[in-house]
Amino acid sequence: MSTENEPSAYDELRGEGWTRLLVAARRKLERTGGALDGDIGLTSPGEAERRTVIGITGRYRPETARRLSVPLRDLDGYLYDRYGTGLLATLGRLYGPLRDRPAERADEEARREQALKSTHSSRLAGQEWFAAWLERMAADGTLTRLVRRGDALLLDAAVRVLERLLSSSERGSGVLPLPVLAEWATGDTKALVPGTPLEQLVLRALALRDGGRPAVPRDRTGRRALWESAGAIADDLASQVLVLNIGARGDTVVCNWLRDAGSFGLPFRLTLHQLTTDPVVPAARTIFVCENPAVLRAAAGELQDTGAALVCTEGVPSAACHQLLGDAVRAGAQLHWRADFDWAGLRITANAVARHGARPWRMTTADYTAALGEGESTPLAGPPATSPWDPELARAMTESGSAVIEERLLPALLSDLARPASFQ
């Protein structure tokens, strides 16, 4: 049959008696890889469709029929006899090549497995949070979208970033600027700027590692804190730590500022940029660490310059906080650390014990139980944590189901800060 005659030759198949039938046939053939097995059906057929089905099958169908079915092989034979092209060729000429969806699925699955290859051999593969990260990406379609967009290599890059962060943290080799980390992992210094696919992948993993949080923070402060919890920084000026009365050894500008602030009992903020370009070694041999600024504010107001050295983490400790306290410990200082009685607080304290050799400060079961009875409490939220320094504490919190913020312990905390010598 000549090409120029095809438009008129196929006009009949573009009519209302054929349209739904051919669409149904194409859909089924694409779903089955082109197999001419089984039937296709039409519900609530029109008169033209009824006559078409009768013509194809050679069997009468009454006008009252609510559904008409046509074997694909009958349709294929009819088209071949009438037009010289079977069903597959006819659909191709009318609507373009058919998709082989089973083959597409198999190819996509192969590419998914290839994308996961680096994750299986990663040294992080045995970590629970790492496995949860991969499972969630597979379950919510993230992995499939990466493969379909041709971005599967981003998963490999994310794994390299996570391995590098964990390795740096284990070696205690300091913080990594994000542009440096991005260049190392991808060759592109901007690959980890906010909003990029790679940044989202890595932060999802870090959120799970940082206490099993289900989602990445949407605000810039929360995302920066998540990076810093893994030892990476987006901005060494934005990473800060709030201190009171820590003093300083040395004759640098920053050390002079700290001594001046301490002589007046004034709170002071240090940036990571200051701590790395003009290293500070706190003069205090005993340093207390709290989570909430209200505690430091109260100490500054009531004790002024007579109180103990105090550092406030303001939630999850920043890179600047870890830098300062790490330097203090290496210089011989002892840390006394506390946080809220919630699951995040337990994780923060456990990390401080492991990372800095800190001693928990009023973070016992007895402290929690006493504070619990002094007022209303909010319910515990998020995934549970352990308290290795006092296993009964986590069990007591699980049993009560209540969180206690550290401000409730303020009188006792201020009393401790007023007599730091008893902690030496």
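Residues numbered from 1 in each chain as written. Predicted model: local features only at pLDDT ≥ 70, side-chain atom pairs only at ≥ 80, totals over all residues. Heavy atoms only, no water.

Enquirer: Please provide a residue-by-residue account of empty space enclosed by the protein, values included.
Expert: Overall, the coordinates contain two cavities of 30 Å³ or more when judged by the stated rule. One number sums up the size of the largest cavity: a volume of about 40 Å³. Lining the largest cavity, in full, are Trp129, Leu162, Leu165, Leu166, Leu206, Arg209 and Ala230. Of all the elements in the fold, those that place two or more residues in the lining of the largest cavity are helix H9 (153–171) and helix H11 (197–209). Looking at the second largest cavity, its volume works out to about 30 Å³. Around the second largest cavity sit Val243, Leu244, Asn245, Ile246, Leu258, Ala261, Gly262, Leu266 and Phe268, which together line it. Broken down by secondary-structure element, the contributors of at least two residues to the lining of the second largest cavity are strand E5 (240–244) and helix H13 (253–263). (1 Å grid on protein atoms, 1.4 Å probe; cavity = no way out; pocket = protein on both sides within 12 Å on 5 of 7 lines; lining within 4 Å. Points joined across faces, edges and corners; volume = space filled by probe spheres on them. Helix = DSSP H or I, 4+ residues; strand = E, 2+ residues; numbered from the N terminus.)

Enquirer: Give me the layout of surface pockets: which residues, what numbers.
Expert: Considering only enclosed or pocket space, the second largest pocket measures out at about 420 Å³ in volume. Lining the second largest pocket we find 23 residues, and of these Thr221, Arg224, Ala225, Glu314 and Val316 sit closest to its centre. The dominant element in the lining of the second largest pocket, judged by the number of residues it contributes, is helix H12 (residues 220–229), at seven residues. Here the lining of the second largest pocket is composed, by residue class, of eight nonpolar, eight polar and seven charged. (Nonpolar A, V, L, I, M, F, W, Y, C, P; charged D, E, K, R; others polar.)

Enquirer: Any chance you could break down the environment of Val281 for me, citing the residues and the numbers?
Expert: In this fold, Val281 is placed in the loop between helix H14 (272–277) and strand E7 (286–290). Given a relative accessible area of 27%, Val281 falls into the partly exposed group. C-alpha of Val281 to C-alpha of Gly326: the two residues are 45 residues apart in sequence and 9.6 Å apart in space. Discounting residues that sit within four places of it in the chain, Val281 has contacts with Ala248, Arg249 and Ala331. (Buried < 20%, exposed > 50% of the residue type's maximum accessible area, 1.4 Å probe, protein only. Contact = heavy atoms within 4.5 Å.)

Enquirer: Describe unusual backbone geometry, naming the residues involved and giving the relevant values.
Expert: A negative phi holds for most residues other than glycine; trans holds for most peptide bonds. Located in the positive-phi region is Asn245, a residue other than glycine, with phi close to 60 degrees. If you trace the backbone, Asn245 turns up in the loop between E5 and H13. With a phi close to 50 degrees, Arg362 is a non-glycine residue in the positive phi region. Among the structural elements, Arg362 can be located in the loop between strand E10 (359–360) and helix H18 (365–372). Under the relative-accessibility criterion, Arg362 is labelled partly exposed at 28%.

Enquirer: Which residues make up helix H7 (residues 128–139), and what are the values?
Expert: Given a rise of 1.5 Å per residue, twelve residues ought to cover 16 Å, and the 16 Å separating the end C-alpha atoms of H7 matches this to within 8%. Positioned one or two residues after H7, Gly141 has a phi angle of 90 degrees, which is positive. (Expected span 1.5 Å × (residues − 1).)

Enquirer: Give me the lowdown on the confidence of the model for the protein, citing residues and values where you can.
Expert: Here the protein averages 89 in pLDDT, while 95% of its residues score no lower than 70. The secondary structure element of the protein with the lowest average pLDDT is helix H1 (residues 6–9), at 56, and the one with the highest is strand E8 (residues 309–312), at 98. Counted against residues more than four places away or in other chains, residues 1–5, with its pLDDT under 50, gives two contacts. (pLDDT = per-residue confidence, 0-100.)

Enquirer: Please provide a residue-by-residue account of the packing of aromatic side chains, values included.
Expert: Applying the stated criterion to the full structure yields six aromatic pairs. With 5.8 Å between their ring centres and 90 degrees between their planes, Trp129 and Phe130 make a pair best called edge-to-face. Considered together, Trp129 and Phe130 belong to a single accessibility category, that of buried residues. The cationic tip of Arg338 hangs over the ring face of Phe341; the distance from NZ or CZ to the ring centre is 5.2 Å. (Phe/Tyr/Trp six-rings, centres within 6.5 Å; stacked < 30°, edge-to-face > 60°. Lys NZ or Arg CZ within 6 Å of the ring centre and 35° of its normal.)

Enquirer: Tell me about helix H10 (residues 178–186), and please be specific about residues and values.
Expert: Because each turn of an α-helix spans 3.6 residues, side chains separated by three or four positions in sequence point in the same direction. Residues Leu178, Leu181, Ala182 and Ala185 constitute the buried set of H10. On an axial view of H10, the arc spanned by its buried residues comes to 100 degrees, and they lie on one face. Backbone geometry just downstream of H10 places Gly187 in the positive-phi region, at approximately 85 degrees. (Arc of directions from axis to C-beta.)

Enquirer: How would you explain the sheet that holds strand E6 (residues 268–271) if you had to name every residue and give the values?
Expert: In sheet architecture, strand pairing relies on hydrogen bonds along the backbone and comes in two forms, parallel and antiparallel. Judged by pairing direction, the sheet is mixed, and its six strands sit side by side in the order E6-E5-E8-E7-E9-E10 without closing on themselves. The open sheet has two edge strands, E6 and E10, and neither has a second partner. Both strand E9 (residues 334–337) and E10 contribute to a ladder of two bridges, which runs parallel. For Trp337, the partnering residue across the bridge sits in E10 and is Pro360. The strands that helix H15 (residues 293–302) touches are E5, E7 and E8; relative to E5, the one it contacts most, it runs at about 30 degrees. (Pairing = 2+ DSSP bridges. Axes fitted to C-alpha atoms, helices over the stretch in contact; angles between N-to-C directions.)

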